[in-house]
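Here is how the chains run, residue by residue.
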Amino acid sequence: MSMVMHLAEAKPGQLTTSYKHYYIERPCRILVVGQHLKTKTKYQCLLRHISVGGAMVDFNASILLPKHFFLQIDGFQEEIGCSQVHRHRTELGVRFNMQLAPEFLSRLIRMNFTSGLI
């Protein structure tokens, strides 16, 4: 699996930043927003690895996605705003619109560790 989510191009005048990532296998959903900010469609996917800045998920290659959507990880209520930065076959790399709080990432890693999924 590539690390394209961490190497996505920065905006003009900004430096490219790399974050420590964590390998995780956790079910999640992609939420596509429709008119009036209502959830239009939900797609199942699998979170493969994550950092405070982005994630890599396995996703159905035949489904078209908009550039911006939300990611919801099983066991958490948060809907994380994302932008698609890479897609190759079933590999979907996303950059989070805002960096994840380190506490959220710690909870996710602990939850994955205690459930025996790593």
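Structure: above.
Let us look at the structure shown here. (Residues numbered from 1 in each chain as written. Predicted model: local features only at pLDDT ≥ 70, side-chain atom pairs only at ≥ 80, totals over all residues. Heavy atoms only, no water.)

Points about the pairing of strand β4 (residues 68-73)
Argument step 1. Sheet topology note: the strand β1 (residues 22-33)/β4 ladder contains four bridges and is antiparallel. By the bridge assignment, I30 is partnered in β4 with L71.
Argument step 2. Hairpin connection, β4 to strand β5 (residues 80-88): the antiparallel pair is bridged by six residues, and G75 has positive phi, about 95°. (Pairing = 2+ DSSP bridges. Helix = DSSP H or I, 4+ residues; strand = E, 2+ residues; numbered from the N terminus.)

Observations concerning the pattern of salt bridges
Argument step 1. Summed over all chains, the structure comprises four salt bridges.
Argument step 2. Residues D58 and R48 are paired through a salt bridge, measuring 2.6 Å at the closest nitrogen-oxygen approach. Linking D58 in strand β3 (residues 54-58) with R48 in strand β2 (residues 39-50), this pair joins segments that are ten residues apart in sequence.
Argument step 3. When its relative accessible area of 19% is taken as the criterion, D58 is described as buried.
Argument step 4. The salt bridge involving E78 is made with R107; its shortest N-O contact spans 3.2 Å. Placement of the pair is E78 in the loop between β4 and β5 and R107 in helix α1 (residues 102-114), with a sequence separation of 29 residues.
Argument step 5. Since its relative accessible area comes to 34%, E78 is described here as partly exposed.
Argument step 6. For R107, a relative accessible area of 38% gives the class partly exposed.
Argument step 7. A single salt-bridge network, built from bridges that share partners, covers E25, R48 and D58. (Salt bridge = Lys/Arg side-chain N within 4 Å of Asp/Glu carboxyl O. Buried < 20%, exposed > 50% of the residue type's maximum accessible area, 1.4 Å probe, protein only.)

Overview of the environment of L65
Argument step 1. Among the secondary structure elements, L65 is positioned in the loop between β3 and β4.
Argument step 2. Linking L65 and L31, residues 34 residues apart in sequence, is a C-alpha distance of 9.9 Å.
Argument step 3. The residues contacting L65, other than those within four sequence positions of it, are I30, V32, Y43, F59, Q84, R87 and L92. (Contact = heavy atoms within 4.5 Å.)

Describing the pairing of β3
Argument step 1. Within β3, five of the five residues are buried, leaving the element largely enclosed by the surrounding structure.
Argument step 2. What you see with β3 is no split at all: G54, M56 and D58 on one side and A55 and V57 on the other are buried throughout.
Argument step 3. In terms of strand pairing, β3 meets strand β6 (residues 91-96) through five bridges, oriented antiparallel. Opposite D58, over in β6, you have E91 as the bridge partner.

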